[in-house]
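Residue-level structural notes
Listed below, chain by chain, are the residues.
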Amino acid sequence: MKEAGIELMKNTKSVRDIEVKNKRVLIRVDFNVPMDEDFDISDDTRIREALPTINHCIDNHAKSIVLVSHLGRPKGKMPEFSLKHVIKRVERLLGRDVAFAENIESAQALQEGAKREHNVILLENIRFYEGEEKNSDELSSKLATLCDIYVNDAFGTSHRAHSSTCGIAKYAKECVAGLLLKKEIDSFAKAMANPLKPVLLIVGGSKVSSKLALLHNILDVVDKIIIGGAMSNTFLKALGFDMQKSLVEDDLVTEAYNILNHAKEKKVKIYLPVDVVSTDNIKDHRNIKITPAQDIPEGFMAVDMGPATSKLFSEVVRDSQTIIWNGPLGIYEIQAFSRGTFNLAHAVSDTYAFSLIGGGDTADAIDKAGERDNMSFISTGGGASLELLEGKILPAFEVLERK
């Protein structure tokens, strides 16, 4: 791990380090919340996480506050991706009216005509502008006309060099981190830059390919690694096991073998499933068997860890002081295959270790296990947290002022 990278990001100035009184503040928030077809929000965590920064600016008498966010991946202006669908929830959580601006010009007009003090304005989905994802100078400079101070509080998009996360910093007078952005980077620093030992990484999910950089980088930071989920099938195949119909990335079997050897050289202990839950049909799972990992029945696929693995992994968790977890360890969305992930969530919650949870699926699994409140920190960014664990400096941090 390039400790300097984390330290550099940790050194970013926050909104608490500057004066916002009578200033126009633009806050890049992450209101990219999940909604059903009736536009009912199923999880408003990301909105709640932005409240401390918004309230800080209100309480310290900012002249106006413009909230900028994306929602989904629209191709042009698509009504179903309008931030109008979230404004009522934002108002309810903030306990005040929020004006809606269809575009940057309307936001400017609302700022100029603001009668009320602490005027809060929500700008329409920033990805309705073609230039956003291209980090266009034109859009960046236009956004900067809305503020004296630019605050980035959207950790979930901090690994993207877009106009609202990076480009705007070229034109804004002051550029600082929001309170959530600071909380995120401080938590990662605690887990990676100067952690309590021993450090355990729990890594799961379906693909080794998406976690390759993480596995290579993290060997300098951790003492132990638990590999589960479909990822572990590729590693078990690298050890010569017949994985039958299990999901395996055949082109990465050699790479998995190299990671196991690299870990051995670094004296990092890797734990893989010793027994598995398998089925011959994920959708119609009437046939379920628990067998040693090397004895999966013909035509069956591994879908969860078995009870012996669950016990082994729980003991590894118990002996750790810092736990970093990215990726579920089975098909947790199906009740019959959720036990391994849920048992591990209970084991992590029972420790006194500092636990850092990264990735949307992992957070969702921990929610479903009823353990959200028992984790030390749950990151709001999937891709961003993965890139931090890979040792990268996130583009959004590079453009903010340092202390």
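If you look the protein chain up in an unreviewed UniProt entry, it shows as Phosphoglycerate kinase from Helicobacter marmotae. What UniProt records for the protein chain under Subcellular location (unreviewed entry) is the sentence "Cytoplasm". As its UniProt record puts it under Sequence similarities (unreviewed entry), the protein chain is described as follows: "Belongs to the phosphoglycerate kinase family."

**Looking at the overall build of the protein chain**
Within the protein chain, the regular secondary structure consists of 14 helices and 15 strands. Taking 2.2 N^0.38 as the reference for a compact globule, 403 residues should give roughly 22 Å; the C-alpha atoms of the protein chain span a radius of gyration of 23 Å, in line with that estimate. Principal axes of the C-alpha set define a box for the protein chain whose edges measure 70 × 45 × 35 Å. Counting over 403 residues, the protein chain shows a buried share of 57%. When the accessible surface of the protein chain is split by element, carbon and sulfur atoms take 47% of a total near 17,400 Å². Mean positive and mean negative side-chain charge positions of the protein chain (51 and 58 charges, respectively) differ by 3 Å.

**Notes on the domain arrangement of the protein chain**
Per the domain assignment, the segments making up the protein chain are domain 1 (13-182) and domain 2 (195-390). Computed over C-alpha atoms, the centres of domain 1 and domain 2 are 36 Å apart. Contacts between the two partners involve 8 residues from domain 1 and, on the opposite side, 9 residues from domain 2. In total, about 710 Å² of surface goes out of reach between domain 1 and domain 2, with carbon and sulfur atoms giving 61% of it. Across the domain 1-domain 2 interface, the total number found is 0 salt bridges. Our count for the domain 1 to domain 2 interface comes out at 1 residue pair in polar contact (both at pLDDT 80 or more). Element by element, the count of residues in the side of domain 1 that touches domain 2 is highest for helix α2 (residues 45-59), at 3 residues.

**Some points on the packing of α2 against helix α3 (residues 84-94)**
Running from N to C, α2 and α3 point in directions that differ by 60°, and their axes come no closer than 10 Å. The angle between α2 and α3 falls in the class oblique. Between α2 and α3 lies a crossing whose hand is right-handed. Residues Ile47, Arg48, Leu51, Ile54, Asn55 and Ile58 of α2 pack against Arg89, Val90, Leu93 and Leu94 of α3. Of the residues in the contact of α2 with α3, the class split is 7 nonpolar, 1 polar and 2 charged.

**Here we look at the pattern of salt bridges**
Taken as a whole and assessed by the stated rule, the structure comprises 21 salt bridges. Linking Lys142 and Glu105 is a salt bridge whose minimum nitrogen-to-oxygen distance equals 2.9 Å. On the criterion of sequence distance, the pair formed by Lys142 in helix α5 (residues 137-144) and Glu105 in helix α4 (residues 104-112) is long-range, its members being 37 residues apart. Judged by its relative accessible area of 29%, Lys142 is partly exposed. In this structure, the salt-bridge partner of Lys266 is Asp220, at a minimum N-O distance of 2.7 Å. Of this pair, Lys266 sits in the loop between α9 (253-265) and β9 (269-271) while Asp220 sits in the loop between α7 (212-218) and β8 (224-227), and the two are 46 residues apart along the sequence. Its relative accessible area of 39% is what places Lys266 among the partly exposed residues.

**Considerations on unusual backbone geometry**
Between Lys197 and Pro198 the backbone carries a cis peptide bond, its omega angle lying at -5°. Topologically, Pro198 is positioned in the loop between α6 (179-192) and β7 (199-203). Phi at Gln244 takes a positive value of approximately 50°, unusual for a residue other than glycine. Looking at the element boundaries, Gln244 is found in the loop between α8 (231-238) and α9. Residue Gln244 is classed as partly exposed on the basis of its relative accessible area, which comes to 30%. Phi angles above zero are rare outside glycine, and Lys267 is one such case at about 60°. Considering the arrangement of structural elements, one finds Lys267 in the loop between α9 and β9. Judged by relative accessible area, which is 72%, Lys267 ranks as exposed.

The rules we used
Residues numbered from 1 in each chain as written. Predicted model: local features only at pLDDT ≥ 70, side-chain atom pairs only at ≥ 80, totals over all residues. Heavy atoms only, no water. UniProt positions renumbered as here; feature names shortened; annotations may be inferred. Helix = DSSP H or I, 4+ residues; strand = E, 2+ residues; numbered from the N terminus. Rg over C-alpha atoms; globule rule 2.2 N^0.38 Å. Buried < 20%, exposed > 50% of the residue type's maximum accessible area, 1.4 Å probe, protein only. Areas by Shrake-Rupley, 256 points an atom, 1.4 Å probe, with all protein chains shown as cover. Lys, Arg positive; Asp, Glu negative; His and termini not counted. Charge placed at Lys NZ, Arg CZ, Asp CG, Glu CD. Domains from an automatic or database assignment. Contact = heavy atoms within 4.5 Å. Buried area = accessible area lost by both parts, 1.4 Å probe. Salt bridge = Lys/Arg side-chain N within 4 Å of Asp/Glu carboxyl O. Polar contact = N/O pair within 3.5 Å; in protein donor to acceptor, adjacent residues only side chain to side chain. Axes fitted to C-alpha atoms, helices over the stretch in contact; angles between N-to-C directions. Parallel < 35°, antiparallel > 145°, perpendicular 65-115°, else oblique. Left-handed = near helix turned anticlockwise from the far one by under 90°. Nonpolar A, V, L, I, M, F, W, Y, C, P; charged D, E, K, R; others polar.

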